[in-house]
Amino acid sequence: MTEDSTDLFGDLFAKRVVPVMVPMPAPKAYSYTVPEGMAVQPGSIVQVPLGPRQVMGVVWDEEGQDAVDPKKLKEITLVFDCPPLKLEMRRFLDWVSSYTVSPPGLVARMALRAPAALDPEPMVEALRLTDMRPERMTDARSRAIAAADNGFAWTRSGLSHAAGVSSSVIDGLTAQGVFETVFMSPPPVVAVPDPDFVPPRLEGPQKSAAEELLRKVAEGGFSVSLIDGITGSGKTEVYFEAIAATLKAGRQVLILLPEIALTASFLERFQDRFGSKPAEWHSDLAPRTREKVWRQVTEGGVRVVAGARSALFLPFEDLGLIIVDEEHDPAYKQEDRVFYNARDMAVVRARIGDFPVVLVSATPSVESRVNGDLGRYTAIHLPTRYGDAALPHLGVVDMRRHPPERGGFLSPVLLNQIGKAVGRGEQALLFLNRRGYAPLTLCRVCGHRFQCPDCSSWLVEHRFRGQIQCHHCGHAEKTPEACPECGTFDHLVACGPGVERIAEEVDRHFPDARTIVLSSDLMGVKRLRLELEAIQRGEADIVVGTQLVAKGHNFPMMTFVGIVDADIGLSNGDPRAAERTFQLLSQVTGRAGRTGLKSLGLLQTYQPQHPVMQAIVSGDSHAFYEREISEREKALLPPFGRLASLIVSAETRADAEGHARGLRQAAPNVSGISILGPAEAPLALIRGRHRFRLLVHGRRNSDMQGFVKTMIAAGPKPRGTISVQLDIDPQSFL
DNA sequence: AGCACGCCGACT
DNA sequence: GTCGGCGTGCTC
């Protein structure tokens, strides 16, 4: 029959067509032909022509690929010589794409984040000792031969260094055939960690926690454990044991950390335990190092990666364990292009790969806490500090009863304690989560308020820089001397405190103390590290800092911590406001009192009875979490089926409101659409091309996804892109 | 996402 | 007269 014969004809002469995931926001993979003699399989990493350029792509699995006009088909340019993405990884990427409602190509791109050179690293030249010996033996020559006489190959410079001879000695011996040139694979980016390097001495609750965790890891297969231990309780040592066990089983380990916690001190702690550092993975890795790490992770040479959220998309050769440290940290949320929470995606990755995942935090997220309470996660508690590290004594300062003096922001109680600590030769930390000098500037004559021309939030004065800046979109201008509205000079007034202003007040009260301001906008990473080290050496008496003092570093002499305005962030419309505040304040007060010296933490607040303050001061978070959980249930699961609250944010409030109106029509069964204006909208939204962001809360993944998809389809098409973040109980993925 | 094409304002 | 701003549309 003609039909059969055309098919036969087609099969004989048509080239093989495969789907290739290309890095662009198309809804599915594109089709390409495979040239004669090229071997590709699902997962192969390839280069393909796309429009006017060549791009990297991944051969995908053939499923529901719709036919495309054969005239359009182009050929795969080349296959990179590197391991294909495993089925497990492809399923994970597909899943993330579907869950985040993002184009699969953009998700796949995250796994190929190593620039260009995907071909193997070139072999390096090395020298190996042969049986030949030189006619004339000299002292230097015998030293070189002795150093190399271990059967290993040496690089020329390495050998000359090890033997303590100049490289010309090596060259001379090579010329005489004493050394032969061999090629060896390039050196690993990091040494292989040794699980038995320095096994820890665990005691009491740490020991039983480690044993419990090791049981989960030994069982193999998917499991989620939640280590919930206060600052200083030895959580890290406990999960290091799970890492050791996984390494012994020959599998790879990923440690996820919030970017800011990826510090030298963490890497050193790892090295002390395992004898070598883990490979690092974060946004400002040198491109060359980045390639090497990527390559060696796919080939299995790198055994342990410590990385920021993007490390979750590395194509490991044989991943057997993920640790998510500081699992509650909002830095795990990517709010750019593909919106995801790495903590949640880590759970999914472990589920698909069928291995354990360990979430770790002193102040777990409400979601994880619930899953622990319900027994879906194995909850492991570490309730005490170890060694002589006593907990700080904590208290609140009721600002209505102890108001600051006029023009100031620090209560007499705080000033008194700062004075005492400094007087004893110890250090004081003042924490205020607000950069700059003052969050708002206005004209006393006409009432003009300085507003961002681009996104209309308040401009923050930065007195050290002589600028007023927008903290949402980055707009900055020189601080004007006159009011732009009425032209009056010298009548601009700063409202409210930022860290710079607090430092000024501290200076006024303690002119002889050495006061330092730590703020992310005042210094780069290098400068910050130097400052932190200087503080540890005792080169400052009073530290005034923003969020960045909350993480990582310990200050042994810090015996007083004062929170300047503990109420910041409690009323910003975010359903997680109280939770965030609790987590942040716990971290800051946790900075104090690791030395065995008596230490004190005080929170200035106008709401001393607030559950957050009560939880911090009492050290008992149980009631706080219970309340948060019930509040969350009320806010996120209204009584109309499973569709939940929806938050629309946009560049301008008017845009957000306009769009929300449309969405209400498209999805009438959604209750409470909240609208975030520019002040609350994420940075990515204002700067990027995403004109709108929908943040959808809910309980069931499938429901939320379906809902979002229909809503977008039915809703009015706004200019620009809509980005969607689903914010769901993580258990619902599984 | 990137890149080309295309159509209106201030400048070598 | 051109350079360049970003709006629109396309990529197997």
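Residues numbered from 1 in each chain as written. Chains lettered and ligands numbered in written order. Predicted model: local features only at pLDDT ≥ 70, side-chain atom pairs only at ≥ 80, totals over all residues. Heavy atoms only, no water.

**Digging into the overall build of chain A**
Regarding its fold elements, chain A presents 21 helices and 32 strands. Out of the 734 residues in chain A, the part that is buried amounts to 52%. Restricting to contacts in chain A with at least 6 residues of sequence separation, those with at least 24 account for 75%. A total of about 33200 Å² of accessible surface is found on chain A, and carbon and sulfur atoms cover 51% of it. (Helix = DSSP H or I, 4+ residues; strand = E, 2+ residues; numbered from the N terminus. Buried < 20%, exposed > 50% of the residue type's maximum accessible area, 1.4 Å probe, protein only. Contact = heavy atoms within 4.5 Å. Areas by Shrake-Rupley, 256 points an atom, 1.4 Å probe, with all protein chains shown as cover.)

**Some thoughts on the pattern of salt bridges**
In this structure the tally under the stated criterion is 26 salt bridges. Linking E211 and K207 is a salt bridge whose minimum nitrogen-to-oxygen distance equals 3.6 Å. Of this pair, E211 and K207 both sit in helix α7 (residues 204–219), separated by four residues, roughly a single helical turn. Judged by relative accessible area, which is 43%, K207 ranks as partly exposed. Of the charged contacts in the structure, one is a salt bridge between D521 and R435, with a shortest N-O distance of 3.8 Å. Placement of the pair is D521 in the loop between β25 (515–518) and α15 (525–536) and R435 in the loop between β19 (427–431) and β20 (440–443), with a sequence separation of 86 residues. With relative accessibility at 27%, the residue R435 sits in the partly exposed group. (Salt bridge = Lys/Arg side-chain N within 4 Å of Asp/Glu carboxyl O.)

**Digging into the packing of aromatic side chains**
Each aromatic ring pair is described using two quantities: the centre-to-centre distance and the angle formed by the ring planes. Inspection of the entire model under this criterion finds 11 aromatic pairs. Here the aromatic rings of Y239 and F240 are separated by 5.5 Å at their centres, their planes lie at 90 degrees, and the arrangement is edge-to-face. The burial state of Y239 is the same as that of F240; both residues are buried. Here the aromatic rings of F313 and Y340 are separated by 5.2 Å at their centres, their planes lie at 75 degrees, and the arrangement is edge-to-face. Residue F313 is located in the loop between β12 (304–307) and β13 (319–325), and its partner Y340 is located in strand β15 (residues 338–341); the two are separated by 27 residues in the primary sequence. For F313, a relative accessible area of 1% puts it in the buried group. Clustering of aromatic rings is evident, with ring pairs tying together Y239, F240, F266, F270 and F274. Above the plane of the ring of F92 lies R349, whose end atom (NZ or CZ) is 5.4 Å from the centre. (Phe/Tyr/Trp six-rings, centres within 6.5 Å; stacked < 30°, edge-to-face > 60°. Lys NZ or Arg CZ within 6 Å of the ring centre and 35° of its normal.)

**Some words on empty space enclosed by the protein**
Unoccupied space between atoms shows up once a probe the size of one water molecule is rolled over them. Applying the stated criterion across every chain yields a total of two cavities of 30 Å³ or more. For the largest cavity, the calculated volume is near 120 Å³. Among the elements that take part in the lining of the largest cavity, helix α16 (residues 577–589) stands out by supplying three residues, more than any other. Its residues placed into classes, the lining of the largest cavity shows one nonpolar, four polar and nine charged. (1 Å grid on protein atoms, 1.4 Å probe; cavity = no way out; pocket = protein on both sides within 12 Å on 5 of 7 lines; lining within 4 Å. Points joined across faces, edges and corners; volume = space filled by probe spheres on them. Nonpolar A, V, L, I, M, F, W, Y, C, P; charged D, E, K, R; others polar.)

**A closer look at the pairing of strand β29 (residues 646–650)**
β29 sits mainly inside the fold: five of its five residues count as buried. Of the two faces of β29, both are covered, the one formed by L646, V648 and A650 as well as the one formed by I647 and S649.

**Observations regarding the sheet that holds strand β1 (residues 17–21)**
Spatial strand order, β5-β2-β1-β4-β3-β6: six strands in an open sheet with mixed pairing. Sheet topology places β5 (74–75) and β6 (78–79) at the edges, where each strand pairs with a single neighbour. As judged from the two bridges shared by β1 and strand β4 (residues 53–59), these two strands associate in the antiparallel manner. Bridged to V20 within β4 is V59. (Pairing = 2+ DSSP bridges.)

**A short note on the protein's contact with DNA strand C**
Neighbouring residues of DNA strand C: M24, Y30, S31, Y32, P49, L50, G51, V68, K72, L73 and K74. Among the atoms of DNA strand C lying within 4 Å of the protein, the sugar-phosphate backbone contributes 48%. Within the backbone of P49, an N or O atom sits 3.2 Å from a phosphate oxygen of DNA strand C. A distance of 2.5 Å is found between a phosphate oxygen of DNA strand C and a side-chain nitrogen or oxygen belonging to K74. Mapped by element, the contributors of at least two residues to the surface near DNA strand C are β2 (30–33) and β3 (45–50). Considering every element that reaches the surface near DNA strand C, the biggest residue donor is β2, with three residues. The residue inventory of the surface near DNA strand C, partitioned by class, reads seven nonpolar, two polar and two charged. (Near = heavy atom within 4 Å. Polar contact = N/O pair within 3.5 Å; in protein donor to acceptor, adjacent residues only side chain to side chain.)

**Remarks on the protein's contact with DNA strand B**
Surveying the vicinity of DNA strand B reveals the residues M24, P25, P52, R53, L106, R109 and R337. Take the atoms of DNA strand B that sit within 4 Å of the protein: sugar and phosphate atoms are 57% of them. Between a sugar or linking oxygen of DNA strand B and a side-chain N or O atom of R109, the distance comes to 3.2 Å. Its residues assigned to classes, the surface near DNA strand B comprises four nonpolar, no polar and three charged.

**Quick look at the confidence of the model for chain A**
Overall, the predicted model of chain A reaches an average pLDDT of 86, with 89% of residues at or above 70. Ignoring residues within four places in sequence, the model shows residues 637–643, a span with pLDDT below 50, making 14 contacts including any to other chains. (pLDDT = per-residue confidence, 0-100.)

**Thoughts on the nonpolar core**
Counting residues in hydrophobic clusters, the biggest one holds 76 residues, and the most contacted among them are F92, L93, L256, L312 and I322. For this core, the leading source of residues is helix α11 (residues 342–353), giving seven residues. Every residue in contact with L93, bar those within four places of it in the chain, is listed here: W60, L85, V107, A108, A111 and F313. Grouped together as the second largest cluster of nonpolar side chains are 35 residues, L429, L570, L585 and A592 included. (Core = buried A, V, L, I, M, F, W, Y, C linked by side-chain atoms within 4.5 Å.)

**Notes on the sheet that holds strand β11 (residues 279–281)**
Pairing in this open sheet of seven strands is parallel, and the strands run β11-β12-β10-β13-β16-β9-β17 from one edge to the other. Single-partner strands in this sheet number two, and they are β11 and β17 (378–382). If you compare each strand with its neighbour and ignore which way they point, the axes differ by 20 degrees on average. Pairing of strand β10 (residues 252–256) with β13 involves five bridges; the strand directions are parallel. In the sheet register, L256 faces β13, and the bridge partner there is V324. (Axes fitted to C-alpha atoms, helices over the stretch in contact; angles between N-to-C directions.)

**Quick look at the packing of α7 against helix α8 (residues 235–248)**
How two helices pack is summed up by the angle between their axes together with the distance between the axes. One can describe the packing of α7 onto α8 by two numbers: an axis separation of 9 Å at closest approach and a directional angle of 30 degrees. When the axes of α7 and α8 are compared, the crossing they make is right-handed. In contact with Q206, A209, A210, L213, L214 and V217 of α7, α8 contributes E237, V238, Y239, E241, A242, A245 and T246. Across the contact of α7 with α8, the residue classes break down as nine nonpolar, two polar and two charged. (Left-handed = near helix turned anticlockwise from the far one by under 90°.)

**Notes on the UniProt feature "domain: Helicase ATP-binding" (unreviewed entry) in chain A**
In this numbering, the UniProt entry assigns the feature "domain: Helicase ATP-binding" (unreviewed entry) to residues 216–382. The distance from the first to the last C-alpha atom of residues 216–382 is 17 Å, and the span holds 37% helix and 27% strand. (UniProt positions renumbered as here; feature names shortened; annotations may be inferred.)

**Considering the UniProt feature "binding site: Zn(2+) 1" (unreviewed entry) in chain A**
In the numbering used here, UniProt assigns the "binding site: Zn(2+) 1" (unreviewed entry) feature to C443, C446, C483 and C486. These annotated residues cover 44 residues of sequence, and their C-alpha atoms all fall within 8.6 Å of one another, placing them together at a single site. For C443, the position within the fold is in strand β20. Classification of C443 by relative accessible area gives buried; the value is 1%. Residues contacting C443, with those up to four places away along its chain left out, are H448, C483, C486, H491 and L492. Positionally, C486 belongs in the loop between β23 (476–478) and β24 (492–495). C486 sits in the partly exposed class, given a relative accessible area of 34%. Every residue in contact with C486, bar those within four places of it in the chain, is listed here: C443, V445 and C446.

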